[in-house]
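# Descriptive analysis of the structure
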Amino acid sequence: MSHPVHYRITAADPAAHLFSIEMTVRRPAADGQVFRLPRWIPGSYLLRDFSRHLGPLSARSAHGPVTLTALDNHSWQAAPCHGPLTLSYTAYAFDLSVRGAYLDRERGFFNPTSLCLEAVGQSGQSHGLRVDAPAPGTVSGDWRLAGTLPADGAAPFGFGDFVADSYDTLIDHPFELGHFDVVPFRACNTDYEIVVSGRHRGDLDRLARDVARICEWQIRLFGEPAPFHRYQFQLFVGKDVYGGLEHRDSTALMASRDDLPVHGDDTLSDGYLDLLGLFSHEHFHAWNVKRIKPAAFTPYDLSQAALTSLLWAFEGVTSYYDDLTLVRSGVVPVERYLAQLARTLTAVQRGSGRHKQTLAESSLDAWTKYYQQNENSPNAIVSYYQKGALAALALDLKIRQDSHGARSLDDVMRALWRRWRDTGAGIGETEWERIAQQATGLDLGAFFDQAIRSTADLPLQALLQDAGVTVAWRAAQSGADKGGAPLPTASDTPPRAVIGVRSAADPAGIRLTHVLDGGAAQAAGLSAGDVLVAIDGLRASDLERQLARHRPGDSVRLHAFRRDELLAFDVIVQAAPADTCWLAPQDTPLWLSPAA
């Protein structure tokens, strides 16, 4: 064994969703080697305790079995022994997400954070990894393997041996197993691959062309060369899936197969626009959070929550640049970008939590509030992704306005990048703001106090107006209206009737998923979880359609089950609020041009 720590991973039983893992430590600690599995994965701020998926662990040395003692729910200590020391265990893998591990007869995927125990005290040494091909007949056809961990003799997209210079490097490289298409391209002299798994009939050549433009623009924003020699997008397409997780030279993505572009159709669907935004977001993270990162993440402590008030600057700023990249690179037109921006404005406006939680608090509380949302979340929290993106927009416009166009948020990002290249150090809790002010030569203290540390609404109306974009608000025309467009025609249609809830279908009627602050339903005493069974004496089947027969001020009699009790409520219907945004440019806004 050439590496101090080595793993062998096998898709042992795809039908039972089981990987088997054999881990060998050449020279275990003399007082008993400690092993532990991460409790969370960088980029997803929730303690997930991946150890709950591990099967029984056993250990052996050349002299026979070695006793393992559990220290807590994610770490174990081996009895003192002479090496090499080998652990054997299985991992249940049926998490269809970008965060964990998945295995069935059709596909496999894993993040090493879910499968590879850390040998405590030996994390800085080289780690070897062997990934074995599944046994013939256990999976559909012949599988391949995708990933960017350097191969130690393995053929491209082949199973075999890989090497990492540390445990931290090892766990930052996901692997895709199975059948997939590979589309290579180059951007700024850097090799890229899009690996697409899942059944589809998408136009991958068009996807690669568009993603290449995204990558080129972002590389040039920070300055060539890119901080990696090769980058891989691992995209699984299916039904009702969505997500992305960044890594240092790759990203794992999930999206609807219907979001892929269609051969022979050059239109830009909303789904494809969202997919391009996802690619853009995760690629931007290669700079912003994988390298430039909070001091709380330097180094990562994956045994406990790493708290920082700066997630708005890493997820929110990245969320601003993901769509901004699309328009500045010429992939999408200005009007589509502004429609996307209006939808973000709408989403933030519709949550009363924005007046109860600051962006700094939203960042700090991500572990307990954002990633563990409940029926009251729209009333209690604000998204550091969405409001963070709007704060980044406001900051960009503020810098441009106060510097008379001489500086922008781009200058801040480049200053942060230069600092990382020079020092490799994390950003302290107050340091991001200081660097922004140094890079622009502006006093931005009052802006940060309002945008980051208060619950006041952002000054976007005036800033956008100054940038040549008029912000307009109207009532939503339906529950599916997310904003982005004006009313189709001038209309004297009476105001839409609402009761201030979000709902979902239920076998018994209509289940209230959220009851919103200040709404008629809350005032009448309805609660999230109630199941409406009758509206004015008629079976509850379509809340929006049934309320459309009423006018604001009408009283509506609702019957609902709360658990097993039938309750009656008299609800005074309200007019839909003007919380739906659309944006009207006076001309092409300068900050959206490629030369901005």
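Residues numbered from 1 in each chain as written. Predicted model: local features only at pLDDT ≥ 70, side-chain atom pairs only at ≥ 80, totals over all residues. Heavy atoms only, no water.

## Thoughts on the overall build of the protein
What the protein contains, in helices and strands, is 16 helices and 30 strands. Here the C-alpha atoms of the protein give a radius of gyration of 26 Å, agreeing with the 25 Å that 2.2 N^0.38 yields for 596 residues. Its C-alpha atoms give the protein principal-axis dimensions of roughly 85 × 65 × 50 Å. Across the 596 residues of the protein, 55% fall into the buried class. Within the protein, contacts between residues separated by at least 24 positions form 69% of all contacts whose residues are at least 6 apart in sequence. When the accessible area of the protein is evaluated, it comes to approximately 24800 Å², of which 50% is carbon and sulfur surface. Side-chain charges in the protein split into 56 positive and 69 negative, and the spacing between the mean points of these groups amounts to 1 Å. (Helix = DSSP H or I, 4+ residues; strand = E, 2+ residues; numbered from the N terminus. Rg over C-alpha atoms; globule rule 2.2 N^0.38 Å. Buried < 20%, exposed > 50% of the residue type's maximum accessible area, 1.4 Å probe, protein only. Contact = heavy atoms within 4.5 Å. Areas by Shrake-Rupley, 256 points an atom, 1.4 Å probe, with all protein chains shown as cover. Lys, Arg positive; Asp, Glu negative; His and termini not counted. Charge placed at Lys NZ, Arg CZ, Asp CG, Glu CD.)

## What to know about the pairing of strand β28 (residues 565–572)
In terms of strand pairing, strand β27 (residues 555–562) meets β28 through eight bridges, oriented antiparallel. If you follow R562 over to β28, its bridge partner there is E565. The loop that links β27 with its antiparallel partner β28 comprises two residues; one of these, R563, has a positive phi angle of about 60°. (Pairing = 2+ DSSP bridges.)

## Concerning unusual backbone geometry
Glycine aside, negative phi is the norm for most residues, and most peptide bonds take the trans geometry. P225 follows E224 through a cis peptide bond whose omega is 0°. With an omega of -5°, the peptide bond between T298 and P299 qualifies as cis. Tracing the sequence through the fold places P299 in the loop between α4 (270–284) and α5 (311–328). Unlike most non-glycine residues, N189 shows phi in positive territory, near 65°. Mapping N189 onto the fold places it in the loop between β16 (180–187) and β17 (190–197). Of note, H404 is a non-glycine position whose phi angle comes to about 55°, a positive value.

## Let's talk about the side chain of T513
Within the element layout of this structure, T513 appears in strand β24 (residues 509–515). Within the structure, the side chain of T513 is placed 3.0 Å from the side chain of H514, a separation counted as a polar contact. (Polar contact = N/O pair within 3.5 Å; in protein donor to acceptor, adjacent residues only side chain to side chain.)

## Things to note about the pairing of strand β4 (residues 58–61)
Side chains A59 and S61 of β4 all project onto a buried face; the interleaved residues S58 and R60 project onto a face where none is buried. Direction of pairing for β4 relative to strand β8 (residues 85–92): antiparallel, over a ladder of three bridges. Each residue of the ladder has a partner; that of S58, found in β8, is S88. The hairpin formed by β4 and strand β5 (residues 64–66) contains two residues between the paired strands.

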